[in-house]
Structures are given as C-alpha cells and as structure tokens.
Amino acid sequence: MDSASAPFDSALFPEGTKRCQLRWFIVWLGILHGPLMVGVLAAVMCWGLALNVTYLNNNFPFGLWIAADLGVIALGAGAFFTGFLRYVVKIDELKNIVNYAVVIGVVCYAAAQGILGVDIGQPLRGWFIFWHANVHSMLTEVAFCITCYFMVLCIEYLPLILENRQINKLGFFHGMAHHLHEAMPTIAAIGVFLSFFHQGSLGGVPGVLYGRPFAFREGFLVWPWTFFLFILSAIACGPCFTILITWITERFARKQLVKRNVFDILAKISGRLLALYLVLKTMDTIYWIAVAGKAGAPFRSFYTNQPYGYWVLVMELGILGVIPMIILLNKRARQNENLLILACILNCSGIFMNRWIMTVQSLAVPVMSFDKFVSYHPNWVEYASTLMFVWVGVIVISISYRYLPIFPQEKELNPL
Amino acid sequence: MFPFAFEWVNDPVHFVFMGSLYTVLLCLVIILHYCGIRAFLDVICKKGGNGHDEHH
C-alpha cells in the first residue's frame with residue numbers, strides 16, 4: 001500500500017499489517033454507539049429510578065443479570081485457561097492466540113463487573129463487600145477473586161498496549177513490556193489460583209442452598225459438587241469461546257489471523273474436558289434424582305411447570321452437551337471449520353443455559369406446598385443494560401485489533 | 001477490612017480469607033513495581049530501546 005492511500009492512523013498499526021481506512025473505522029464505532037446508548041439509558045434508569053423498572057421481584061432477585069454474569073465469567077475462562085496452558089503447561093503453539101484470549105477475558109470480566117454495577121442498584125456502595133466482608137459467604141469470595149482477577153487481566157493486557165508501534169519506541173515502555181512478559185508465568189499462576197476459586201464459588205452459591213432441593217448438592221468439605229462442576233464446565237467452554245470470537249474477528253477482518261493447528265489444539269482440549277464434565281454432570285444428576293426423591297422432592301416435581309419442562313434437561317446435556325463433545329473429540333469433524341464453529345456455538349450456549357438453570361430455574365421451582373409457580377421474563381431495561389456490555393466489548397476488541405499486535409501470525413498469513 | 005476495623009474477629013477464617021486477598025494484592029503490586037523499576041534501570045543504564053528480544 002502506498003503512503004497516499006494508507007489510512008491516516010497507519011503509523012499506529014502493528015508492523016506489516018493492513019487495516020481499513022480511518023473513516024470506515026469511525027463509522028463502525030459510531031454504529032456500535034447506537035445500541036450502546038440505549039444500554040446506557042437503561043442503566044441510568046436502573047440507578048435513577050431503582051430496580052422496580054425491571055421485572056426482578058421478591059421471587060426472582062436473581063434474573064437475567066446474574067445468569068449473564070455467570071455466563072460471561074465462564075466464557076472468559078478461556079483467558080486464564082489458555083494462559084495456564086501456555087505459561088504453566090508450556091504448549092508453545094498457544095502463544096499465537098493467548099494475547100487475544102486475554103483481550104476477550106478483559107472484556108468478559110469488565111462486562112461481569114459492569115452488569116453487577118447495574119444489578120446492585122447502588123454502585124456507590126459497591127465497596128461495602130470489601131470493607132464489611134462476610135467471610136463465611138461464597139459471594140464475598142467471588143467478589144474478591146473477580147476483582148483481583150480483573151486486575152491480573154489488566155496487567156496481562158498492559159504489555160499489549162505498551163507494544164503498540166509508537167508507544168514501544170519509548171525505552172521505558174519497551175522495557176516495561178519486556179519485563180512484564182518475563183513475569184507472565186507468575187501472573188498467569190496467580191490468575192489460575194483466583195479463577196479456580198471464583199469459578200467454583202459461583203457454582204457453590206446455588207449448591208449450598210439447602211432449602212432448595214433443585215439446586216442443593218452434597219460435596220467435599222465446604223464445597224458442594226456444583227463448585228467443581230462449574231470449574232470444569234468453564235474450562236471446557238472457555239477455549240471454545242476464544243475460538244468462536246477469533247473466527248468472528250477473521251470474518252470481519254476478511255483474513256486469516258491464526259493458523260488452524262492452534263484452533264485444533266484448543267478444540268481437542270475443550271472436547272476432552274467437556275466429555276469429562278458430561279460424565280460427572282450425568283453422575284451428579286442421577287445421584288441428585290435419587291437423593292432428592294428420598295427427601296420428598298420427586299424428580300418430576302422439578303419439571304412440571306412450563307417453560308421448565310423435561311426438554312430443559314435434554315437440551316442442556318444432550319443437544320448443547322453431547323453433540324459439541326462428539327464434534328470436538330472427532331479429529332475429522334473438528335477440522336471441518338463449519339462443524340467446529342457449530343460445536344463452539346453449542347458449547348457456549350450450553351454454558352449460558354446451565355447458568356440460567358442454576359440461578360433462575362432454581363428460584364422458579366416452588367419449594368413449599370403453598371408456593372405457586374411464578375415465571376420470569378426480563379424486560380427491555382434488563383436486556384438493553386446487559387447487551388450494553390456486548391457493544392462495549394466489540395468496541396474494545398475493534399480498537400485492540402486495529403492498534404495492538406494481538407495476532408503474531410497475522411503478518412505471516414497475510415503478507416502485504 | 002483491616003485487622004483494626006471494629007468488625008474484625010481474630011479467628012482462622014478471617015486470617016485465611018482476608019490474608020489471601022492481601023497476599024494476592026501484594027504480589028501484584030510487587031510484580032508491577034519490579035517490572036517498572038527494572039525498566040527504569042534499563043533506561044538509566046541505556047539498555048532500553050531495541051535491546052530486548054520479541055516476546056509473545
């Protein structure tokens with residue numbers, strides 16, 4: 001590309017890469033700001049007019065926000081797990097996707113905290129959970145770990161910013177990026193520690209509700225089995241989400257950014273973990289059916305109220321579990337790009353469905369003989385304020401892709 | 001919550017829970033400062049610029 005036709009901001013692009021004209025990029029960001037502003041309006045309504053502008057009520061204090069929160073945190077597990085595989089297990093090929101996994105992780109965890117900021121209604125009192133900590137609460141542990149892990153992700157994201165072509169010319173920033181890269185195994189190990197506990201504790205929260213037989217599980221020491229199932233399901237779907245977002249980015253960029261052997265490694269690991277998760281989840285479900293039945297809560301009682309019929313179980317474990325597992329475990333199937341992306345979509349949808357079931361359906365199932373089944377459907381305020389963070393995420397990813405050296409193989413795969 | 005806050009109780013749960021939080025925060029602060037000081041020393045000793053290998 002000659003200098004006359006080069007975009008105005010081309011000096012900021014990663015070396016040897018091509019990007020669209022600046023005006024088209026600004027138009028793209030402008031389009032994203034439309035739905036984003038609707039979300040901002042919804043969030044301001046929640047803060048200004050309180051949560052009665054939503055469809056949350058005393059039956060459903062946990063609704064779309066909490067289900068989405070748990071979902072994006074599980075999807076963001078690709079960041080810590082890819083970091084773990086790259087820096088601790090030392091799978092060298094993953095260096096070609098770990099940067100992007102970090103960007104996706106930052107977006108997911110920022111979204112989770114943003115959603116919570118709207119959900120708590122009074123974000124100015126958000127610091128109460130740190131200062132007036134209830135040390136016996138799994139939710140306190142989750143708040144601590146998510147906040148600390150978000151800091152870890154920001155530190156992992158920092159060297160990417162410092163490696164921008166112009167910033168990196170400054171000696172201090174160049175050195176800082178270099179030394180942060182050297183410290184990355186330690187930072188990744190801290191991230192694994194934090195992620196293990198907050199992913200698990202998010203599962204522990206429904207698992208310890210002994211008044212709700214639909215969610216309650218026995219377990220190991222203070223941790224119910226849902227603690228371990230949540231960790232396993234998160235690391236089984238996180239890599240799939242990384243593959244999915246990378247593939248979508250490639251479609252928008254109209255070029256290949258990562259070699260397919262990198263996808264294959266992540267897909268294979270994801271498939272094996274998903275298989276292990278499904279085996280343990282099935283065992284847990286069978287044991288739960290037996291134990292809950294003896295305790296006076298027969299299995300059919302959980303699935304008598306529509307829309308939460310038996311189809312929920314079939315969909316979660318079968319269509320959104322077994323099918324992606326078969327595709328991801330079969331080498332020929334996962335090397336077919338269309339099938340691989342289908343498996344990733346099903347796997348990620350399965351995680352969202354599981355989180356919805358463990359929060360919203362748990363609250364929907366009546367527990368007392370005089371309880372009536374009440375259904376819950378989010379309203380536009382909840383949808384808009386949740387989707388707001390999707391648009392923010394797309395903006396962050398777009399800017400990061402344009403200006404930061406995220407994909408080490410891009411130059412090799414797309415010579416100018 | 002610090003040990004001098006009125007809500008603090010001297011029991012193992014408080015020490016483990018809050019101790020873990022402050023340990024993690026301390027580790028992150030130390031790592032950032034270590035990298036910053038090393039980078040500053042590199043600049044002072046004129047080792048900065050293109051002297052480092054590429055990392056990913």
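Cut-offs applied
- Residues numbered from 1 in each chain as written.
- Chains lettered and ligands numbered in written order.
- Predicted model: local features only at pLDDT ≥ 70, side-chain atom pairs only at ≥ 80, totals over all residues.
- Helix = DSSP H or I, 4+ residues; strand = E, 2+ residues; numbered from the N terminus.
- Buried ≥ 20, exposed ≤ 12 C-beta atoms within 10 Å, placed from the backbone.
- Rg over C-alpha atoms; globule rule 2.2 N^0.38 Å.
- Contact = placed C-beta atoms within 7 Å.
- Expected span 1.5 Å × (residues − 1).
- Nonpolar A, V, L, I, M, F, W, Y, C, P; charged D, E, K, R; others polar.
- Axes fitted to C-alpha atoms, helices over the stretch in contact; angles between N-to-C directions.
- Parallel < 35°, antiparallel > 145°, perpendicular 65-115°, else oblique.
- Left-handed = near helix turned anticlockwise from the far one by under 90°.
- pLDDT = per-residue confidence, 0-100.
- Core = buried A, V, L, I, M, F, W, Y, C linked by C-beta atoms within 7 Å.

### Considering the overall build of chain B
Then step 1. Looking only at helices and strands, one finds one helix and zero strands in chain B.
Then step 2. The buried share among the 56 residues of chain B stands at 11%.

### Examining the overall build of chain A
Then step 1. When its secondary structure is counted, chain A shows 16 helices and two strands.
Then step 2. Here the C-alpha radius of gyration of chain A, 22 Å, is about what a compact globule of 416 residues would show, namely 22 Å.
Then step 3. Each principal axis of the C-alpha atoms in chain A carries an extent, and together these give about 75 × 50 × 35 Å.
Then step 4. Residues classed as buried in chain A amount to 47% of the 416 residues present.
Then step 5. Taking as baseline every contact in chain A between residues at least 6 positions apart, the subset at least 24 positions apart corresponds to 77%.

### What to know about helix 3 (residues 77-88) of chain A
Residues and elements named next belong to chain A.
Then step 1. Taking 1.5 Å per residue, 12 residues should reach 16 Å; helix 3 reaches 16 Å between its end C-alpha atoms and fits that length.
Then step 2. The element helix 3 is extensively covered by neighbouring structure, given that 11 of its 12 residues are classed as buried.
Then step 3. Restricting attention to buried positions, one finds in helix 3 the residues Ala77, Gly78, Ala79, Phe80, Phe81, Thr82, Gly83, Phe84, Leu85, Arg86 and Tyr87.
Then step 4. In the core, the buried residues of helix 3 are packed alongside helix 2 (64-75), helix 4 (98-119), helix 6 (138-162), helix 8 (184-207) and helix 9 (225-253).

### Quick word on the interface of chain B and chain A
Then step 1. Counting from both sides, the interface comprises 24 residues of chain B and, opposite them, 27 residues of chain A.
Then step 2. Of the residues belonging to the side of chain B that touches chain A, the class tally is 14 nonpolar, seven polar and three charged.

### Observations regarding the packing of helix 8 of chain A against helix 1 (residues 12-44) of chain B
Then step 1. Two elements in contact, helix 8 of chain A and helix 1 of chain B, have axes separated by 11 Å at closest approach and are oriented at 160 degrees. Considering the angle they form, helix 8 of chain A stands roughly antiparallel to helix 1 of chain B. Between helix 8 of chain A and helix 1 of chain B the crossing geometry is left-handed. Residues Thr186(A), Ile187(A), Ile190(A) and Leu194(A) of helix 8 of chain A form the contact with helix 1 of chain B, whose own contacting residues are Val24(B), Cys27(B) and Ile31(B).
Then step 2. Residues of the contact of helix 8 of chain A with helix 1 of chain B, tallied by class, amount to six nonpolar, one polar and no charged.

### Details of unusual backbone geometry
Excluding glycine, residues mostly carry a negative phi; peptide bonds, for their part, are mostly trans.
Residue and element names in this part refer to chain A.
Then step 1. Of note in the backbone geometry, alanine 50 takes a positive phi value of approximately 75 degrees without being a glycine.
Then step 2. Its identity as a non-glycine residue notwithstanding, leucine 221 has a phi of 55 degrees, on the positive side.
Then step 3. Mapped onto the secondary structure, leucine 221 falls in the loop between strand 1 (219-220) and strand 2 (223-224).

### Topic: the packing of helix 10 (residues 260-294) of chain A against helix 12 (residues 311-329) of chain A
Residues and elements named next belong to chain A.
Then step 1. Two elements in contact, helix 10 and helix 12, have axes separated by 8 Å at closest approach and are oriented at 140 degrees. When the axes of helix 10 and helix 12 are compared, the pair comes out oblique. Crossing hand, helix 10 versus helix 12: left-handed. Across the interface between the two elements, Ala267, Ser270, Gly271, Leu274, Ala275, Leu278, Lys281 and Thr282 from helix 10 touch Leu317, Gly321, Val322, Pro324, Met325, Leu328 and Leu329 from helix 12.
Then step 2. For the contact of helix 10 with helix 12, the residue count by class is 10 nonpolar, four polar and one charged.

### Structural notes on the confidence of the model for chain B
Then step 1. Counting all residues, the mean pLDDT for chain B is 84, and 82% of those residues have values of 70 or more.
Then step 2. For this predicted complex, the interface confidence reaches an ipTM of 0.86, while the overall pTM sits at 0.92.

### Examining the nonpolar core
Residue and element names in this part refer to chain A.
Then step 1. Of all hydrophobic cores here, the largest spans 126 residues; its most connected members are Leu75, Val103, Ile104, Cys108, Val152 and Cys237.
Then step 2. In terms of residues, this core owes the most to one element, helix 9, which gives 16 residues.
Then step 3. If we skip the residues at most four places from it in the chain, leucine 75 touches Cys108, Cys237, Gly238, Phe241, Cys348 and Ile351.

### Considerations on helix 7 (residues 171-182) of chain A
Then step 1. Its 12 residues place the ends of helix 7 of chain A 17 Å apart at the C-alpha level, agreeing with the 16 Å of an ideal helix rising 1.5 Å per residue.
Then step 2. Burial of helix 7 of chain A is extensive: nine of the 12 residues sit out of reach of the surface.
Then step 3. Among the residues of helix 7 of chain A, Phe173(A), His174(A), Gly175(A), Met176(A), Ala177(A), His178(A), His179(A), Leu180(A) and His181(A) are the ones counted as buried.
Then step 4. Contacts from the buried residues of helix 7 of chain A go to helix 6 and helix 8 of chain A together with helix 1 of chain B.

### Focus on the environment of Val106(A)
All names here are of chain A.
Then step 1. Relative to the helices and strands, valine 106 resides in helix 4.
Then step 2. Expressed as a C-alpha distance, the spacing of valine 106 and glycine 76, which sit 30 residues apart in the sequence, is 7.9 Å.
Then step 3. Setting aside chain neighbours within four positions, we find valine 106 in contact with Leu153, Cys154 and Tyr157.

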